[in-house]
Amino acid sequence: MRQQIAAANWKMNLTVTQAEELLNNLLQEPKKLLAHQTVIFAVPFPYLTLAKTKVNGHTNYFVAAQNCSNKKSGAYTGETSIEMLHSIGIEYVVLGHSERREYFAESNAVLAEKLDLALSYGLIPIFCCGEPLSIREAGTQNGFVEQQLKESLFHLSAEQLAKIVIAYEPIWAIGTGKTATAGQAQEMHQHLRAVLAAQYGKETADIVPILYGGSVKGSNAKEIFSKPDVDGGLVGGASLIAADFTQIIDALK
Ligand code: PGA
């Protein structure tokens, strides 16, 4: 079975005390995961080492950075390199979140560079894509998201592509409480898998986990995750509440 993933995206939230408390709540008696299930905490940079220590010894629990630089190293004040993340044992990195694209002007081309760096250091990118409301209202979301994939991913080999995780996050559903229906999520995920299959073949496309993100909660996760092409979720708000995130982990297939 394809990897099923519950990924917490804390964004720019929590003090260190709150972060530790949340991780303690989730990891004191962690949910036992099946071999194909994974839980990932995408935490702010200052808490990466703390989170690493906390997940240590818990099978299939991992830590992700929320971003990285598109430069390898050097005079880029304030940036964090993939090499640094690799050197502290971080396994995953979220790339291309819509907030990075919107507020920090990250282009598909810059994201392609970040993907290359991440893969060259053996980190697994969680590549985010998704359309704004205007595109959804115009009914052109399939082509829009397809373009994001083409411009950031299609230079990768099939072997490299098989290593990444994709997160489909319609921007109109992020932090708005307005979730895509399970049907809308499945429709897009199926489309994305078909786009990958056309470029890389069905076998490769079938390996890539595609997560849904956008107002996933304990109460709606089961229905969304039940769809055949939805392989879990990238969760913002609800990942900050231990009880809610536990329910989301429970909803994994
Ligand atoms: P949300 O955020 O769950 O708060 O909508 C999801 C995300 O941005 O990854």
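Provided above is the structure to which this section pertains.
**Some points on the site of the ligand**
If you check the shell around the ligand, you find 13 residues, and the closest are Lys11, His97, Glu169, Gly175 and Ser215. In the environment of the ligand, an oxygen atom lies 2.6 Å from a nitrogen or oxygen atom belonging to the side chain of histidine 97. Glycine 175 places a polar main-chain atom, nitrogen or oxygen, 2.6 Å from an oxygen atom of the ligand. When the free accessible area of the ligand is taken as 280 Å², the share hidden by the protein chains comes to 95%. When grouped by side-chain class, the residues that make up the shell around the ligand number four nonpolar, seven polar and two charged.

**What to know about the pattern of salt bridges**
If charged atoms from side chains of opposite charge come close, those side chains can pair. This structure, assessed with the given rule, holds 13 salt bridges. For the salt bridge of glutamate 99 with lysine 11, the shortest nitrogen-to-oxygen distance reads 2.8 Å. One end of the pair, glutamate 99, is in helix H4 (residues 98-103); the other, lysine 11, is in the loop between strand E1 (4-9) and helix H1 (16-27), with 88 residues separating them in the sequence. Taking relative accessible area as the criterion, glutamate 99 reaches 23% and is therefore assigned partly exposed.

**A look at the nonpolar core**
Counting residues in each nonpolar core, the largest one holds 69 residues, and the members touching the most others are Phe41, Leu153 and Phe245. If you tally residues by element for this core, the top one is helix H9 (residues 182-200), at six residues. Not counting chain neighbours up to four residues away, the residues in contact with phenylalanine 41 comprise Ala8, Trp10, Leu23, Leu26, Leu27, Val55, Tyr61, Phe62, Val63, Ala64 and Phe245. Within the second largest apolar cluster, 13 residues are counted, among which are Ile5, Val94, Ile126 and Cys128.

**What to know about the side chain of glutamine 148**
Its place among the elements puts glutamine 148 in helix H7 (residues 141-153). For glutamine 148, the contacting residues outside a window of four places in its chain are Arg101, Asn108, Phe127, Cys129 and Gly130.

**A few points about the environment of valine 235**
Counting through the fold element by element, valine 235 comes out in strand E8 (residues 232-235). The buried category is assigned to valine 235, whose relative accessible area is 1%. Put simply, valine 235 and glutamine 147 are 88 residues apart on the chain and 24 Å apart in space, counted from C-alpha to C-alpha.

**Observations concerning the packing of aromatic side chains**
We describe a pair of aromatic rings using the distance from one ring centre to the other and the angle between the two ring planes. Taken as a whole and judged by the stated rule, the model has four aromatic pairs. Judged by centre distance (6.0 Å) and plane angle (55 degrees), the ring pair of phenylalanine 41 and phenylalanine 245 falls under tilted. Of this pair, phenylalanine 41 sits in strand E2 (residues 37-42) while phenylalanine 245 sits in helix H12 (residues 242-250), and the two are 204 residues apart along the sequence. The buried category is assigned to phenylalanine 41, whose relative accessible area is 1%. On the accessibility criterion, phenylalanine 245 (0% relative accessible area) is buried.

**Side note on helix H5 (residues 108-120)**
Given a rise of 1.5 Å per residue, 13 residues ought to cover 18 Å, and the 18 Å separating the end C-alpha atoms of H5 matches this to within 8%. What H5 keeps buried is the set Asn108, Leu111, Ala112, Lys114, Leu115, Leu117, Ala118 and Leu119. Those residues of H5 that are buried lie in contact with helix H3 (82-87), strand E4 (92-95), H4, strand E5 (124-129), H7 and helix H8 (158-161). Just downstream of H5, glycine 122 is the residue with a positive phi angle, here 80 degrees.

**A few points about the sheet that holds E8**
Hydrogen bonding along the main chain pairs the strands of a sheet, whether they run parallel or antiparallel. In space, the eight strands of this closed barrel follow the order E1-E2-E3-E4-E5-E6-E7-E8, with parallel pairing throughout. Across the sheet, the mean angle from the axis of one strand to that of its neighbour is 25 degrees, orientation sign disregarded. Note: strand E6 (residues 165-168) against strand E7 (residues 210-213), three bridges, orientation parallel. By the bridge assignment for E7, isoleucine 166 is matched with isoleucine 210. On the sheet, helix H2 (residues 48-55) packs against E2 and strand E3 (61-65) and is oriented at approximately 170 degrees with respect to E3.

**Describing the state of the cysteines**
Where two cysteines share a covalent bond between their sulfur atoms, that bond is called a disulfide. Applying the stated criterion across every chain yields a total of zero disulfides. As a non-bridged cysteine, cysteine 68 has cysteine 128 as the owner of its nearest cysteine sulfur, 12 Å distant. Not engaged in a disulfide, the cysteine cysteine 129 finds its nearest cysteine sulfur in cysteine 128; these two sulfurs lie 7.6 Å apart. Cysteine 129 sits in the buried class, given a relative accessible area of 4%.

Rules behind the numbers
Residues numbered from 1 in each chain as written. Predicted model: local features only at pLDDT ≥ 70, side-chain atom pairs only at ≥ 80, totals over all residues. Heavy atoms only, no water. Near = heavy atom within 4 Å. Polar contact = N/O pair within 3.5 Å; in protein donor to acceptor, adjacent residues only side chain to side chain. Areas by Shrake-Rupley, 256 points an atom, 1.4 Å probe, with all protein chains shown as cover. Nonpolar A, V, L, I, M, F, W, Y, C, P; charged D, E, K, R; others polar. Salt bridge = Lys/Arg side-chain N within 4 Å of Asp/Glu carboxyl O. Helix = DSSP H or I, 4+ residues; strand = E, 2+ residues; numbered from the N terminus. Buried < 20%, exposed > 50% of the residue type's maximum accessible area, 1.4 Å probe, protein only. Core = buried A, V, L, I, M, F, W, Y, C linked by side-chain atoms within 4.5 Å. Contact = heavy atoms within 4.5 Å. Phe/Tyr/Trp six-rings, centres within 6.5 Å; stacked < 30°, edge-to-face > 60°. Expected span 1.5 Å × (residues − 1). Pairing = 2+ DSSP bridges. Axes fitted to C-alpha atoms, helices over the stretch in contact; angles between N-to-C directions. Disulfide = S-S within 2.5 Å.

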